[in-house]
Each structure stands twice: as C-alpha cells, then as structure tokens.
Amino acid sequence: MMDDLDLGFDEQERGEKGKHRRGRRKGGKSGGGRGKTVLALLLAVVLLGGIGGGAFYGFDRIQSRFVTPDYDGGGTEEVTVQIPQGAFLADMAVALYDAGVIKSTKAFIEAADENSRSRNIQPGTYKLRKQMSGELALTAMLDPKNRVVNGLTIPEGRTAKNIFKLLSDHTEIPVKEFEAAAKDPEKLGVPDWWFKRTDGKKPKKSIEGFLFPDTYEIPPDATAEEILGQMVDHFLTVTGEMEFADRVQKERGGISPYEALIVASLAQAEAGTKKDLGKVARVAYNRVYSQTFDCGCLEMDVTVNYYFELTGQEAKTSGQMTASDLDNPKNPYNRKLRGMVPTPINNPGKEALEGAMDPPTGDWLFFVAIDKEGNSAFTDDYNKHLANIEKAKEAGVL
C-alpha cells in the first residue's frame, strides 16, 4: 500500500532553481515553509499509525519527501562562490547550489528566513565548502573572514579609456584586452535597441556610457570580457529599476534613451554640484532640441576634451583652448557641430541619469560656475551670462 502512496514531490528539487530565481530577497520569517512541513509530517505519522505498526518501515521514505534536503555538517573541500551585484537571497541560493555548497536551494532560503542578518550579505566572492548545511553556509557568508575582498571603485564620470586603466592596474590584465572586449558592446550585454537614435544621426556603437560607476568585487580569475560584462549588467539593472528608457521615451518629446544617456554624461562632466545635474541636462536639451539656440549645437568644451583623450592628447582648460581646438572640422565631438555628439563622453552615475531622465523645467541656455564650491548660475539671457562670467572671475573661478 505504501508503494501506491504517491505524494507528488519527486519534481520538487528539479523545479527549485527556476522557482527561486523568481523570488525576491527579504529578511524575517516567511511564515509558511517549516509550518507546512511539520503539519505534513504529523499527517504522515497519523496515516501510518492508522495503517498499522508494521507500516513504519516506509516512514523514512515519506520523511525524505517532506523534509528539506540538506547536508549535515560543515562541508568538504573548499570552493569559491561569486555573488553578483543586485542578487536576491534566491539568486544566492542558486549560486550555492550550482557550486555544490548546499544540497537544495530551499535549505539555504529557510535558514535565511530564520536569520534577519541574512539581508546583510554583500555581493562578492566567498570562500565556502562543498556539502555544507544551509544554516552553516549562511553563517559562513555572514562571517567577514570568508569574503574575498577584491573591490575596486569606479568613480562617476570616468571615460571608458580611463576605466580600462583602473581595471588593468587592479587586475594586471593588459589594457589592450579590455579595449578588445569593448569593441563589441552587444557581446558584453548591451541590447541593440540602446543604440537607436531619433535625431537622424547614424548610431555609433560604443561601450562608453554603459560601464556603470560603482564598487565592484572582481573574481580572482575573471577575464576582461567578464568584468566589463558585469559592469554592463549593473548598468542595465540600475536603469531598468529607474525605468530610464521608458520614461525618456514617454516624457522627453521623442528623444531616444541613447540621446538621453549622452545628455547624462554631459551633465556629469559639466555640473559642479549634484543639485545642478538636472539643470545642465536641461541646458543640453534646450541647446540641441528646442530651436532656441542659434547653432543648434552643444557648445560645451567637455566634448573637445573627450576628443583629446580619445586621440591621446592632453586635456585643456577653456582658457587654453585655441580657435582651432574649439572648431576642428575633423573632430566629430566638435562643440559647434549641429545636434548631439556621437556617443556619451563618460560613464554617468545614477543621479546624472536621473537628471537627464527628469530635468527641471527651465529655458536656460547658458551656465557658468560662480564659486569654488562648484555652484553654477543659469540664464537664458546672454548678457546676464556675461555678467555671471564676471562674477566667476571675481571669485577666482575663471
């Protein structure tokens, strides 16, 4: 009779990975897992008792179907596990299961549900052991000594070329390997639709703008392609959570998300304070798209300096730039060319992206930093702008 008792749990472990990938990271008790397991075991005991004492030979078989599969002990050989940026507890459980650390994803998730500190687990690389119990695996991940610290902070507003140098210094991977990996942004995970433009200009597929600035835990054996792919993935996660592309398409009057990304990079380069990021973005939109600026161009010196960096030249201050620097016909980032520049000029942070996605309303066409704290004065009147420049000179800014 026991052989006819099919409780339908044979597929549980097989479907566990897909189910938990759809979960979300959270702390506190779930309120359903262990309670249901205990109730099921009690029902099984009653059932077996009704059948008769001899039927208890099958109790172990039923118990294995109800009880969460778990290892008993601290594990065997050492293994390293990478927890990516933005991973939820369910994602961590899958990574541990795939590495052979835990016997089931459920074992880890149940342990995490019972330990409020589980929400403190950080992304990065962990030294663990194969065949650990879910509870001991969780405890090990909460112990700082088991985390392999190999973090690198990428500041906001750095160019891809500068980022390659930072990554090379940190990992000893040659810069040329990062340059080679970056030649195909789509292979690194940037969707093709990100490069679409609505301003009539031919898209130029560049990794610039997609290497999201943050602190990254870099696995010891990671390749250049894997590291850049991690940064692109983080960019897609952050902009997805912001609904950046959707909001730009709905709210910015037909401007594409890629053009808005370019504007975010301009704001990141030009704004002296975080509060001015949105205003600088508005100036860029007004100059290029509003038809109120005579040349319909950006007239921002930062685009010239970006070209200097691309071509191996030293950056210059506005006062050092010559007429030929400012209006070089061979420079595709020429400040006098009509329309938006070909690509982002750096990799903007979240606040710059927010400024380009939802800039404040204003008719500003001009701005200049007027104090050493980086605060800028904005105006739509050129004569007022000239007066603001004098203020900047008096303050020793220009």
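Residues numbered from 1 in each chain as written. Predicted model: local features only at pLDDT ≥ 70, side-chain atom pairs only at ≥ 80, totals over all residues. Heavy atoms only, no water.

In terms of regular secondary structure, the protein chain is built from 16 helices and seven strands. In the protein chain, buried positions account for 44% of the 398 residues. For the protein chain, restricting intrachain contacts to residue pairs at least 6 apart in sequence, the fraction spanning at least 24 positions comes to 68%. Surface accessibility of the protein chain: about 20500 Å² in total, with carbon and sulfur atoms responsible for 49%. (Helix = DSSP H or I, 4+ residues; strand = E, 2+ residues; numbered from the N terminus. Buried < 20%, exposed > 50% of the residue type's maximum accessible area, 1.4 Å probe, protein only. Contact = heavy atoms within 4.5 Å. Areas by Shrake-Rupley, 256 points an atom, 1.4 Å probe, with all protein chains shown as cover.)

The final tally for this structure, using the stated rule, is 16 salt bridges. For K165, the salt bridge is made with D169, and the minimal N-O distance between the two is 2.9 Å. Residue K165 and its partner D169 are both found in helix 7 (residues 160-171); the two are separated by four residues, about one turn of the helix. For D192, the salt bridge goes to K205, with nearest N and O atoms at 2.8 Å. Separated by 13 residues along the polypeptide, D192 in the loop between helix 8 (175-182) and strand 5 (215-217) and K205 in the loop between helix 8 and strand 5 bring together distant segments of the chain. You can call D192 partly exposed: its relative accessible area is 37%. For K205, a relative accessible area of 41% puts it in the partly exposed group. One connected set of salt bridges, linked through shared partners, spans E186, D192, K196 and K205. (Salt bridge = Lys/Arg side-chain N within 4 Å of Asp/Glu carboxyl O.)

This next bit is on the sheet that holds strand 1 (residues 78-83). Spatially, the three strands line up as an open sheet ordered 1-2-3, and their pairing is antiparallel. Here the strands that pair on one side only, and so sit at the sheet edges, are strand 1 and strand 3 (147-148). Examined bridge by bridge, strand 2 (residues 124-129) and strand 3 share two bridges and lie antiparallel to one another. Its bridge partner being in strand 3, Y126 is matched across the sheet by R147. (Pairing = 2+ DSSP bridges.)

Alignment of strand 6 (residues 366-369) against strand 7 (residues 376-379), held across four bridges, turns out to be antiparallel. Note on strand 7: the bridge partner recorded for V368 is A377. The turn linking strand 6 back onto strand 7 is made up of six residues, and G374 within it adopts a positive phi angle of 95 degrees.

Moving on: helix 9 (residues 224-242). Along its 19 residues, helix 9 runs 27 Å from first to last C-alpha, staying within 8% of the 27 Å computed at 1.5 Å per residue. Downstream of helix 9 by one or two residues, E243 has phi in the positive range, about 60 degrees. (Expected span 1.5 Å × (residues − 1).)

Estimated volume of the largest pocket: approximately 920 Å³. As for the largest pocket, its lining consists of 27 residues, of which E270, D301, S318, F367 and V368 are closest to the centre. Of all the secondary-structure elements, those providing two or more residues to the lining of the largest pocket are helix 11 (257-270), helix 13 (301-310), strand 6 and helix 16 (382-394). Per-class residue counts for the lining of the largest pocket are 13 nonpolar, eight polar and six charged. When residues of the lining of the largest pocket are sorted by domain, at least three fall in each of domain 2 (160-360) and domain 3 (365-397). (1 Å grid on protein atoms, 1.4 Å probe; cavity = no way out; pocket = protein on both sides within 12 Å on 5 of 7 lines; lining within 4 Å. Points joined across faces, edges and corners; volume = space filled by probe spheres on them. Nonpolar A, V, L, I, M, F, W, Y, C, P; charged D, E, K, R; others polar. Domains from an automatic or database assignment.)

This paragraph deals with the packing of aromatic side chains. Going through the model one piece at a time under the given rule, you end up with 15 aromatic pairs. Ring centres of W194 and F210 lie 5.6 Å apart, and the angle between their planes is 85 degrees; this geometry places the pair in the edge-to-face category. Here W194 is found in the loop between helix 8 and strand 5, whereas its partner F210 is found in the loop between helix 8 and strand 5, with 16 residues between them in sequence. Here the two residues W194 and F210 agree in accessibility, since each one is buried. (Phe/Tyr/Trp six-rings, centres within 6.5 Å; stacked < 30°, edge-to-face > 60°.)

Phi at E172 takes a positive value of approximately 70 degrees, unusual for a residue other than glycine. In this structure, E172 sits in the loop between helix 7 and helix 8. Its identity is not glycine, yet E243 carries a phi of approximately 60 degrees, on the positive side.

Take the confidence of the model for the protein chain next. With 83% of its residues at a pLDDT of 70 or more, the protein chain has an overall mean of 86. Segment residues 1-36 is flagged for pLDDT under 50; beyond a separation of four residues in sequence, or across chains, it makes 61 contacts in the model. With pLDDT under 50 throughout, residues 48-57 is counted as low confidence; its partners more than four residues away or in other chains account for eight contacts. (pLDDT = per-residue confidence, 0-100.)

What follows concerns the environment of E354. In this fold, E354 is placed in helix 15 (residues 350-357). Linking E354 and M242, residues 112 residues apart in sequence, is a C-alpha distance of 8.1 Å.

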